[in-house]
Every structure is written in structure tokens, then in C-alpha cells.
2 protein chains.
Amino acid sequence: MKIIVDAMGGDNAPECNVRGALNAIKEYGVEIILVGRGEDILGTLADEGIGDLPAGLEIAHANQVVEMSDNPATAFKEKKDSSLTVGLNLLKNGNGDAFVSAGSTGALLSAATLLVHRIKGIRRAAMAPVVPTGGGGAVLIDCGATAEGTPEYLLQFAFMGSYYAEHVLGRPEPRVGLLNIGAEPSKGTELQRQAHELLTKAGTEGRIHFVGNVEAREAVQGSVDVIVSDGYSGNIFLKTMEGTGLFLAQKMKTMFMKNTKSKLAALLVADGIRDIKKTLDSGEVGGTALVGISKPVIKAHGSSDAFAIKNAIRQACTFANSGLIEDITENIEYMRLPVPAKNGNNDQSTL
Amino acid sequence: MKIIVDAMGGDNAPECNVRGALNAIKEYGVEIILVGRGEDILGTLADEGIGDLPAGLEIAHANQVVEMSDNPATAFKEKKDSSLTVGLNLLKNGNGDAFVSAGSTGALLSAATLLVHRIKGIRRAAMAPVVPTGGGGAVLIDCGATAEGTPEYLLQFAFMGSYYAEHVLGRPEPRVGLLNIGAEPSKGTELQRQAHELLTKAGTEGRIHFVGNVEAREAVQGSVDVIVSDGYSGNIFLKTMEGTGLFLAQKMKTMFMKNTKSKLAALLVADGIRDIKKTLDSGEVGGTALVGISKPVIKAHGSSDAFAIKNAIRQACTFANSGLIEDITENIEYMRLPVPAKNGNNDQSTL
């Protein structure tokens, strides 16, 4: 297994990317290609006291870096010698099994779609993070790769999310729920009502385990393994969870820092506080899978430290080993509508 | 000030509704009309040791009760002698200043719209709860009264939310944000892009203080006083907050109940735990205002206890005293588009 890692993407690049890669080699026995400015990567290795390239590590030189200020839709074309473009071309050409980047989400999404391509028949790639829930986490698909949705997109997201939960999270018969504002099939907008119909059919045919509409509150509490959503609502869901987590973490901090008595309390439940922090820490998961692309691509959080990069590499290995892409490819006929979806073909990816 | 209270709506009716009303009379010196089955209300009063009607309390007899199983759109017509219909007719006819109900949201919304009517020019009434945020709470408008949105609805929600924050929450120049998946005006779907344009214009004209798009994470952390959203996304936002709050509250409970040491810790920060619980408790706020109806209507939570009913009555008084409806009426011309909104006229209210 060989993972291609964008050494230059993210707030803490290249230091944390290089250190994360080194730790992944040690812990998982994986091979890594670090893509980026050779001198920067070697400099970071030198800072770690490493003179010769360790076994399992290669460097692919790329002179440019895609910045957050670059146009996400065109950055990979304008910067042909960027770590993003060089890395994805390595993936495309079979030089590695998966690609990990902590750089711009929009640029990664555009570049992966246009260089590596979607799986044939998949209309939109989806961002599918694993969000913390009372049920030990659920796949949220899509969380914002494409803002607008069509019933067919949601059908494809449901299949891809279900396969992801099964293959990558190891859930044998994932419960797939359609994010909605009520349980009845009539709830929501026309998009949800049409999607409900398609998912019900797929459920009846035994292709996915569709449990119906799921309200956001129940989804967080763990009633499903896969939360199917258009990218706009999925993003609202994800960011509201993050915001509420941060808000309550701040409240807890204030509570524990108040006085000597409260600080003692914090010591007494230090393990528990660590557990809650761990639940809320996106670095634990690693990154967000880009599902629907013909090769495994993982978006690590922009603020990833070495620990998060290492976990994203582990996740990339699991993804590459999972058979997920093969499964989507083999079952693509069940995810397509005979006629193009009514809501049309919207080419904007808005993240 | 006289508040009409649905004695029969909600999970804990009529007991908690009656007790909440009694406490409101005592605490706020408000007059109350309890609407519902006279014998049930008198029975509850008797259980409280009250033989004669206390000063400030009237009973308006209504023999029927709208149940959750009734069709929300037509319940008020089919059950003309329900506490809902009788209560709203009292409001319409000027027998009281505001109406409070903990019954079915959908039935209340339909009945208020069709019996009491919207303010002239307002296209949709909105549910506008005050959600807990790092900024001491924000008005979320709409949270699900109408699932679909049009740019004009969002423009009206922005004005109504701004006036509500100013008049009811006492925020002098409320920061109005459009819920979206990124800060740039190009983000989101066509709905958000068009609404952004309308709100920018209203901001430039000095009619509202529009601060631009707001992401869900920043909204929860308190960056705005008013969160403008279509009902579908607003509902996802609200329910995700609730779910995440419950999820983390459960985690905290597990942490504190683990062993003797952790139980001691809980005692040491008992005040802080109470504060956090209070932050998450919808009963503290009272209820959700139905904004855009020509008279003040408050939806109390279905699970309201006497404390929540009392707070909903307090909120109804503030609403009725605020001049909010007058302000909306006087400024309606700034909230209307010359041509009907492109997304059309959608009559479905889906809660």
C-alpha cells in the first residue's frame, strides 16, 4: 500500500504533513510519496534529525503550492507543478493507491473530478465525513461538495454512503436515513419527497437498508449509520454540530476554570474530559473521504496536525483496501435514473 | 394585559398549563383566559386547593381538543369547539392580547394563518425561536413553518427577525446574518444568492443591519443576533443544535456518574452544571414566536411543564407590548418585491 501525501497543503505544512507521514510509515508499515518542494521536505526531515530518506518514503518534487486565494475551480490547471496537481496525476497514473491533502477543499474537489475523474455514472462526487453521534459515528453524505441537490444525487449518495459505512466503518447492514424535518414521507421540500421515493424503492429491492426520513436531532443521537443529504443542508448540519460542540466545550471550560473547587473537579474527571474532547476532535477521524471519484481521495482538515495527518493516511489505507470503488462501479446501474433528474444538471461545486 | 392560554395543548395539559397560568398571574400581574374543558380546568384548580376562580383568571369553555393525530391543516375547522379554535377566535375578536399554545405546531400555524390572518403583505408566517448562542442567544427565522423558501420570504424573515431581536430581545441594532455554507455572496444555492442581494440592498438603505452570510458554526458561537434561513435549513440547524446538546449532555452525565470521584466532582461544579442545563433548556425561553401573524401568537414546547408555560406567557406579554406587529405593518413596503418571487407561491406548510 502506497499513499500519496500532499506535503504542502494545510495550515501546518510541510512540518506536520511530513511528521504525520513518518509516523504513519512507522505505525502502519505503509509506503508514502510526499509531494511538494523537495528542499522544504528535506529541511523538515533534517529538523527531525533525519539525513537519509527512511525506507518507505519517497519524495515527488512539485515546485508550486495551491493557496487558499487561488481560484479553486482552475488552480490545478494554472499551477500544473503544484503538489495538488502532481500528486493527483501520480494517483491517476497508478503510482500510489490513494491521495491525502489538507489543502483547499474546493481545489481538491475540482482537481480530483477533472484529473482523476468520477466513477462512470456517478453524477457528483460527495464529501462524506464521519460525524460523532450517540451511535458511535455516522457517515454524512454530502456535506458540501455540491450545494444543490437532485433526487438522483441523493440516491447515489445513499448507495455510496451505505457502501462506505459497510466497507470503511465495518457496519454490516448500515441504516440509511434521509435527513429531513419530519418522519413522514411528505415532509421537506420536493427534493426530499422525490428522494424518499427513490430510496424507498432501493430499500424494497434490498439494495440498501433505508429506514426513512431522519430528523437532525435523532441523527446526532445515533439512530442511523448514514445520513443522506444535499450538500447545502449537510453542511448546515455539520457546521451546527461543530459550532454547538465548541460552544458547549467553552461553557464546560468556563465551569471548570471558575475557582479552586471547580479546578479540583476538573482533575477528578480529567479522563472523562479527555474522552469528550476526543469525541469532538476531527483529527481523531483523520479526514473526509471524497466518494465517487475513481480512486481514493481523502481531504484532511486544513488545521491538521501530525496526528491528524497520520490518521488521514490510515483512513486512506482503509479506503483503498475496502473495495468501495469496485462495489460502486459494479452497482452503478441501480443508482441511475432512466431520465435526467428534473432539477437539472448543476455544475457548480460551491466549496 | 390579558393572555389567552390553550389549556388543553401539550403533553402535560391541562395540569401544567393551569399551574403555569396561575404562576404567571402571581408573578407578572397578568390576566389570563384559560381555554378548554371547564370541568378539567376546574378539576386541576381543585387539585391545587383552589375553589373559587382567582382574580385575573377567566375560563372560556371549549369542548374539543386538537390531537397530534388530527390533520394540522384542517383541525381548526373540523373541531370548531376546540381550545385552539375558540382561543384564536378570542384573540381575533380582541378579547385578549396574545395567544399561547403548547399543542400541535402545524395546527396552530394553519389556524393562526387562516383565522387570525397574516399581517397584510407578509407572504408566510415564520417560527422564530431564540436559540442559545455564545452571544446570549439569537433569533432563528424560519425554523420550519414553511419548508420551501423564496428570496422574498427570506427578505421578510430578515426584517421580522430584526424587529423581533430589537423589540423583544432588546438588541439595539441587531446583526442580521443569512445562514449559508460560506461567507462569500456566491455561496449556497440560487435561493441564498438572490436573498443575499435583497438583504444587501436593505442593509445599504439602512433598514436592517445586514452583516452578510453566516456559517452555522459562527452563528452558534454568537456572531449574529438574527439567523435568516428558509424553514428547511432552519429546522436542520435547530434540531442539530438540540441533538448535539443532548448528545453532549449525555456524555457529561456519563462522565460525572462514573465513580465516587466523578460524583464528587459533580458536586463541586453543581452550579456550573445547572448553568449549562439552563442554557440548553428550551423551557427557559418559553416558546417560539409565530411572527407575521396580525396578533401575537406563541407556540410553547409540546413537553412544556408549568415553568415553561409561565415563561411562554411572559414572552407573550413582551411580544404584545413590543410594538413589533405595528413596526412590521408600517414598513411592509420595504419587504415586498415588485414582481412575485420566481420560486413561486408555495402553500404547503410542512410542520
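Details of the structure are given in the entry above.
The structure displayed is predicted, hence computed values, not measured ones. (Residues numbered from 1 in each chain as written. Chains lettered and ligands numbered in written order. Predicted model: local features only at pLDDT ≥ 70, side-chain atom pairs only at ≥ 80, totals over all residues. Heavy atoms only, no water.)

Caption draft 1: Layout of the interface of chain A and chain B. Every contact between the two is made by 53 residues of chain A and, on the other side, 53 residues of chain B. Interface area, chain A with chain B, both sides summed: about 4,800 Å², of which 72% is carbon and sulfur. B:Arg193 is the salt-bridge partner of A:Glu148, the closest N and O atoms lying 3.3 Å from each other. Connecting chain A to chain B are 12 residue pairs in polar contact (both at pLDDT 80 or more). Contributions of two or more residues to the side of chain A that touches chain B are made by β8 (175-180), α7 (190-204), α8 (216-221), α9 (231-257), α10 (260-268) and α11 (270-280) of chain A. (Contact = heavy atoms within 4.5 Å. Buried area = accessible area lost by both parts, 1.4 Å probe. Salt bridge = Lys/Arg side-chain N within 4 Å of Asp/Glu carboxyl O. Polar contact = N/O pair within 3.5 Å; in protein donor to acceptor, adjacent residues only side chain to side chain. Helix = DSSP H or I, 4+ residues; strand = E, 2+ residues; numbered from the N terminus.)

Caption draft 2: Structural view of the sheet that holds strand β12 (residues 297-300) of chain B. Residues and elements named next belong to chain B. The 7 strands lie next to each other as β3-β2-β1-β4-β12-β11-β5, forming an open sheet whose pairing is mixed. Only two strands of the sheet have a single neighbouring strand rather than two, namely β3 (57-61) and β5 (126-128). Across this sheet, the average inter-strand angle for adjacent strands is 25°, counted without regard to direction. In this structure, strand β1 (residues 2-6) lies alongside strand β2 (residues 31-36), joined through 5 bridges in parallel fashion. Paired with valine 5 across the bridge in β2 is leucine 34. Taken strand by strand, helix α1 (residues 15-28) contacts β1, β2 and β3, and its axis lies near 170° from that of β2. Helix α13 (residues 306-321) rests against β1, β2, β4 (98-101), β11 (287-291) and β12 of the sheet, and its axis sits at about 160° to β12. (Pairing = 2+ DSSP bridges. Axes fitted to C-alpha atoms, helices over the stretch in contact; angles between N-to-C directions.)

Caption draft 3: Representation of the packing of aromatic side chains. For the structure shown, the criterion picks out 7 aromatic pairs over all chains. Relative to A:Phe157, the ring of A:Tyr153 lies with its centre 6.4 Å away and its plane at 40°, an arrangement referred to as tilted. Linking A:Tyr153 with A:Phe157, this pair stays in helix α6 (residues 151-167), spanning 4 residues, or about one helical turn. Centre to centre, the rings of B:Phe159 and B:Tyr163 are 6.1 Å apart; their planes meet at 70°, and the pair counts as edge-to-face. One end of the pair is B:Phe159 and the other is B:Tyr163, both in helix α6 (residues 151-167) and 4 residues apart, which spans about a single turn. You'll find B:Phe159 and B:Tyr163 in the same group, each marked buried. The ring of A:Tyr334 carries A:Arg207 above its face, with NZ or CZ at 3.5 Å from the centroid. (Phe/Tyr/Trp six-rings, centres within 6.5 Å; stacked < 30°, edge-to-face > 60°. Buried < 20%, exposed > 50% of the residue type's maximum accessible area, 1.4 Å probe, protein only. Lys NZ or Arg CZ within 6 Å of the ring centre and 35° of its normal.)

Caption draft 4: Structural view of unusual backbone geometry. Residues and elements named next belong to chain B. For the bond running from alanine 13 to proline 14, omega is -5°, close enough to zero to count as cis. Note that the residue after isoleucine 141, namely aspartate 142, is joined by a cis bond; omega there is 5°. Inspection of the secondary structure assignment puts aspartate 142 in the loop between β7 (138-141) and α6.

Caption draft 5: Looking closely at the state of the cysteines. The final tally for this structure, using the stated rule, is 0 disulfides over all chains. Lacking any disulfide linkage, A:Cys317 is separated from the closest cysteine sulfur, that of A:Cys16, by 19 Å. (Disulfide = S-S within 2.5 Å.)

Caption draft 6: Main features of the relation of the copies chain A and chain B. In screw terms, the move from chain A to chain B is a rotation of 180° and a rise of 0.0 Å along the axis, fitting with an RMSD of 0.0 Å. The superposition of one copy onto the other is thereby described by a two-fold rotation axis. Judged by C-alpha distance, A:Ala265 is the residue of chain A that lies nearest the rotation axis, at 2.0 Å. Here 100% of the contact residues of chain A are again contact residues in chain B; the copies associate through an equivalent surface. (Least-squares fit on C-alpha atoms with pLDDT ≥ 70 in both.)

Caption draft 7: Expanded view of the pattern of salt bridges. Following the criterion strictly, the structure yields 32 salt bridges over all chains and no others. Taking the shortest distance from any N to any O, the salt bridge between A:Glu205 and A:Arg207 comes out at 3.2 Å. You can call A:Glu205 partly exposed: its relative accessible area is 39%. B:Lys239 is the partner of A:Glu215 in a salt bridge, and the nearest nitrogen-oxygen pair spans 2.8 Å. Taken together, the residues span two chains, with A:Glu215 in strand β9 (residues 209-215) and B:Lys239 in helix α9 (residues 231-257). Comparing A:Glu215 with B:Lys239, the two get one shared label, buried.

Caption draft 8: A look at the pairing of strand β9 (residues 209-215) of chain B. All names here are of chain B. Counting buried positions along β9 yields 5 of 7 residues, so the element is predominantly enclosed. Relative to β9, strand β8 (residues 175-180) runs parallel, the two sharing 6 bridges. Among the inter-strand pairings, valine 176 is bridged to a residue of β9, identified as phenylalanine 210.

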